[in-house]
Amino acid sequence: MKFRSTRNVTAQATTAPEAIIQGLAEDGGLFVPVAFPQPNYDLASLIQQPYQLIAKQVLRWFFNELSGLDVAVTKAYGSQWDTPTITPLTKQVAGNYYLELFHGPTLAFKDVALQALPQLMGLAKQQVHNQNETIILTATSGDTGTAALRGFQNVVGTQVVVFYPQDGISPIQKLQMLGQTGNNLHVVGIKGNFDQAQTRVKQIFNDPQVRQHLAQQKQQFSSANSMNIGRLIPQITYYFAAYGQLVHQGAIKVGDKITFSVPTGNFGDILAGYYAKKLGLPIHKLICASNVNHVLTDFFQTGTYDRQREFQVTNAPSMDILVSSNLERLLFDAYHQDAEAINKLMQQLQSQGYYQVTPQVHEWLSQTFAAGYANPDQVEAEIQRVYEQANYLIDPHTAVGSFVTHQYQTQTNDHHPCVILATASPYKFPETVLGAINSQAKNPSGLAAIEALAKFDSSSLTAGVKELFADQPHSQLTIAPTEMTNTVLNLV
Ligand SMILES: *Cc1c(COP(=O)(O)O)cnc(C)c1O
């Protein structure tokens, strides 16, 4: 299995280890399979397996060249998870299911991929005898940063530099991120938003002078964002695992179609769902749920992607994004692997701030994707609604998915069972959750909010939540986006 960049017109192939090590293609495009796997397998027997075995199978479809996948998966999905099912499915409200993706060490779904990526990167480096030090350069809207720091903590031959928007993340996210310890970790706040951080990171990544400077020191960049194919592929697993749990619970028969609803930011999570569908998982629709930064909702509804609008800081901060990187991988399929067409669209997005897809492409997208968005008040109302109906706490990102699903089901006739991806623990955003269910009182923030929230919860606090109380945030560095390049060079 070889990979190629979405922007390379000669379709030049890269091996799996190289694609994972590089993270982002040099031309600014994203790595995708040259020929998407079309495996011959028995769905019924695959989905009844434990999570780890499904993960091994999925990884083998894409990264069969990497030797040592079995050990990598065993390490990635071991006792650092607070449940052996890894991603448990809970039935809650009105026929919809919540797939809890937050049982890893940093309480958000990013752990599913970022517990695996360091393992995969280690195998990749070993396999191609790459002895460079890897500099993981990452922009975060809050959750990727912490999960990357945790995943790569003390990994030999690796340093991690994380940039986060200083005023764009929640108090607990900040506590968690600044509380990570390791001899190879750097965390930097920027006076700007996530898009500015992500754009700069992409620029630094592909700056020939910076690359050369690093090469002289036997260092090279890689990415822990969902732009890295090694992070994206492990996420396919839980779509299969969720389907298996529905079959196991007797809610569906093998072969029945289901719908997934995905709280979306950078379009990584939902793209993994689309890949699952391409691999033969019976998916009816993928619902792309956004917050008020609803560029994607507009895109799926009109066929025009327009980032020219004000960036809004919301109560679902990990989805505060106007330029969703992974959409490029979907467009690449939509345009039948025409890299020239992708280049044109991406250039236009950069220079003019928008692009429009052809009517045929728009129609093709509508066959698989539905879209909608929730504003901050609707997010709070949804948290309250679900709590009152089912005594179940959901986080603001999950609430976006839940609200949009509810709206979609009212507007359409889609009665397929729907799995809503629960992307973060409610304890990661306790102020918002508490405010939603306890609107009369004056509510605390940070750790005190966690304690207050726990009183509303029938289940006991997980180890990951308890760990927050032990975090000792270290002092923080804050810079302007223009200083990012120099800061990287100074830190590493
Ligand atoms: C990152 C994140 C999202 C968005 O996922 P994408 O893959 O960027 O679309 C949604 N919810 C939470 C809690 C996240 O951390």
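Please refer to the structure placed before this passage.
Since the model is a prediction, treat every value here as computed from it, not as a measurement. (Residues numbered from 1 in each chain as written. Predicted model: local features only at pLDDT ≥ 70, side-chain atom pairs only at ≥ 80, totals over all residues. Heavy atoms only, no water.)

Right, let's get into the pairing of strand β1 (residues 2-5). As paired elements, β1 and strand β2 (residues 14-15) share 2 bridges and run antiparallel to each other. Along β2, the bridge assignment pairs F3 with T14. In this sheet, strand β3 (residues 31-33) lies alongside β1 in antiparallel orientation, the contact comprising 3 bridges. Looking at the pairing, F3 lines up with P33 of β3. (Pairing = 2+ DSSP bridges. Helix = DSSP H or I, 4+ residues; strand = E, 2+ residues; numbered from the N terminus.)

Taken as a whole and assessed by the stated rule, the structure comprises 8 salt bridges. In this structure, D143 engages K428 in a salt bridge whose closest nitrogen and oxygen atoms are separated by 2.9 Å. Of the two residues, D143 is situated in helix α7 (residues 143-152) and K428 in the loop between β15 (418-422) and α20 (430-437); the sequence distance between them amounts to 285 residues. Judged by relative accessible area, which is 4%, D143 ranks as buried. Under the relative-accessibility criterion, K428 is labelled buried at 0%. (Salt bridge = Lys/Arg side-chain N within 4 Å of Asp/Glu carboxyl O. Buried < 20%, exposed > 50% of the residue type's maximum accessible area, 1.4 Å probe, protein only.)

All right, on to the sheet that holds strand β7 (residues 158-165) then. Taken together, 5 strands build an open sheet; the order of strands is β9-β6-β7-β8-β16 and the sheet is parallel. In this open sheet, the two edge strands, each paired with only one partner strand, are β9 (219-222) and β16 (477-479). Averaged over all neighbouring strand pairs, the angle between strand axes comes to 25°, with direction disregarded. Note: β7 against strand β8 (residues 185-190), 6 bridges, orientation parallel. (Axes fitted to C-alpha atoms, helices over the stretch in contact; angles between N-to-C directions.)

Relative orientation of the contacting elements α7 and helix α8 (residues 171-179) amounts to 25°, with a least axis distance of 9 Å. The pairing of α7 with α8 is recorded here as roughly parallel in orientation. Two packed elements cross with a definite hand, and for α7 against α8 that hand is left-handed. Side by side, α7 and α8 meet where D143, G145, T146 and L149 of the first sit next to Q173, Q176 and M177 of the second. Taken together, the residues that form the contact of α7 with α8 break down as 2 nonpolar, 4 polar and 1 charged. (Parallel < 35°, antiparallel > 145°, perpendicular 65-115°, else oblique. Left-handed = near helix turned anticlockwise from the far one by under 90°. Contact = heavy atoms within 4.5 Å. Nonpolar A, V, L, I, M, F, W, Y, C, P; charged D, E, K, R; others polar.)

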